Amino acid sequence: MAETRTKLTTTWTGLLQGEGRVGSATIDLPLAIPQSYGGTGAGSHPKELLMASAAACYAMTIAGMLAARKIEQAGLTVVSELSDASNQGMQITHQVQIELPSNATQEQLDAVESLIEAADKSCMIGNLLKAAGVRIEASGQVATLLG
């Protein structure tokens with residue numbers, strides 16, 4: 001695989017009540033310190049960005065696995081939640097819903113069901129976070145569209 005470089009620029013003005021932006025050639029996001037830490041809460045914060053990276057990686061990994069198996073999907077949704085109880089460490093859970101076309105076979109449904117766990121094991125960002133002690137779990141449902 002060729003080397004990949006990602007470049008972001010982050011700017012910040014002000015102190016706790018300040019505001020910032022993080023951007024690249026493809027993103028431009030507002031940043032803010034959460035209200036619980038004395039900020040305005042009017043933008044993304046590091047834990048949210050970390051979770052977004054893990055969720056996006058997971059969704060893209062499962063989409064790639066579907067494509068490799070030539071399984072069409074009619075919808076893919078990942079709802080992720082990060083919890084960081086001080087006595088339990090950080091945990092991310094992904095709740096996945098995948099819809100296949102109405103003509104999907106039982107074999108395809110079973111294959112996609114197995115991909116929910118396989119994608120969790122293959123996601124590069126998720127694996128980096130796991131190596132740092134973050135617990136990640138993925139579960140979900142596979143269904144066909146009514147047709």
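Bear in mind that the values here come from a model prediction, so they are computed numbers and not experimental data.

What to know about the domain arrangement of the chain
Assigned domains within the chain: domain 1 (1–44) and domain 2 (46–144). Once you take the C-alpha centre of each, domain 1 and domain 2 turn out to be 25 Å apart.

Observations regarding the packing of helix H1 (residues 46–68) against helix H2 (residues 106–122)
In a pair of packed helices, the angle between the axes and the distance between the axes together describe the arrangement. Two elements in contact, H1 and H2, have axes whose closest approach is 9 Å; the angle formed by their N-to-C orientations is 130°. Judged on the interaxial angle alone, H2 and H1 are oblique. As for how H1 packs across H2, the hand of that crossing is right-handed. Contact with H1, carried on its side by Tyr58, Thr61, Ile62, Met65 and Leu66, involves Val112, Leu115, Ile116, Ala118, Ala119, Asp120 and Ser122 of H2 and no other residues of that element.

Regarding the sheet that holds strand S5 (residues 91–100)
Ordered in space as S4-S5-S6, the three strands form an open sheet in which the pairing is mixed. The open sheet terminates on both sides in strands that have one partner only, identified here as strand S4 (75–83) and strand S6 (135–144). On average, adjacent strands in this sheet sit at an angle of 15° to one another, irrespective of strand direction. Sheet topology note: the S5/S6 ladder contains ten bridges and is parallel. Bridging across to S6, Val96 finds its partner in Gly140. Packing against the sheet, H2 makes contact with S5 and S6, and its axis sits at approximately 165° to S6.

A look at the pattern of salt bridges
The tally for this structure, following the rule as stated, stands at five salt bridges. Among the salt bridges present, the one from Glu3 reaches Arg5, with a minimum N-O distance of 3.3 Å. Taken individually, Glu3 and Arg5 each receive the classification exposed, so the pair is uniform in this respect. Lys47 is the partner of Asp84 in a salt bridge, and the nearest nitrogen-oxygen pair spans 2.0 Å. Placement of Asp84 in the loop between S4 and S5 and of Lys47 in helix H1 is noted, with a sequence separation of 37 residues between them. Under the relative-accessibility criterion, Asp84 is labelled partly exposed at 34%.

Rules used in this analysis
- Within every chain, residues take consecutive numbers counted from 1 along the sequence as written.
- A pLDDT threshold of at least 70 governs which residues receive local features in this predicted model, and a stricter bar of 80 or more applies before side-chain atom pairs are shown or counted, although totals over entire chains, interfaces and linings include all residues.
- Derived side-chain values reflect all non-hydrogen atoms in the structure, with water molecules and hydrogen atoms excluded from consideration.
- Segmentation into domains, and thus their bounds, comes from an automatic or database assignment.
- To obtain an axis, a line is fitted to C-alpha atoms, over the contacting stretch when the element is a helix, and the angle between two such axes runs from 0 to 180 degrees between their N-to-C directions.
- In this description a helix means any DSSP run of H or I spanning at least four residues, a strand means any run of E spanning at least two, and both kinds are numbered starting from the N terminus.
- With respect to orientation, any angle under 35 degrees is reported as roughly parallel, any angle over 145 as roughly antiparallel, any angle of 65 to 115 as roughly perpendicular, and every other angle as oblique.
- Rotating anticlockwise by less than a right angle from the far helix to the near helix defines a left-handed crossing, while the corresponding clockwise rotation defines a right-handed one.
- It only takes one pair of heavy atoms within 4.5 Å for two residues to be counted as in contact.
- Should DSSP find at least two bridges between two strands, the strands are taken to pair.
- By definition, a salt bridge exists where a carboxyl oxygen of Asp or Glu is found within 4 Å of a side-chain nitrogen of Lys or Arg.
- Buried residues are those whose accessible area, probed at 1.4 Å on protein chains only, stays under 20% of the maximum for their type, while exposed residues exceed 50% and partly exposed ones sit between those limits.

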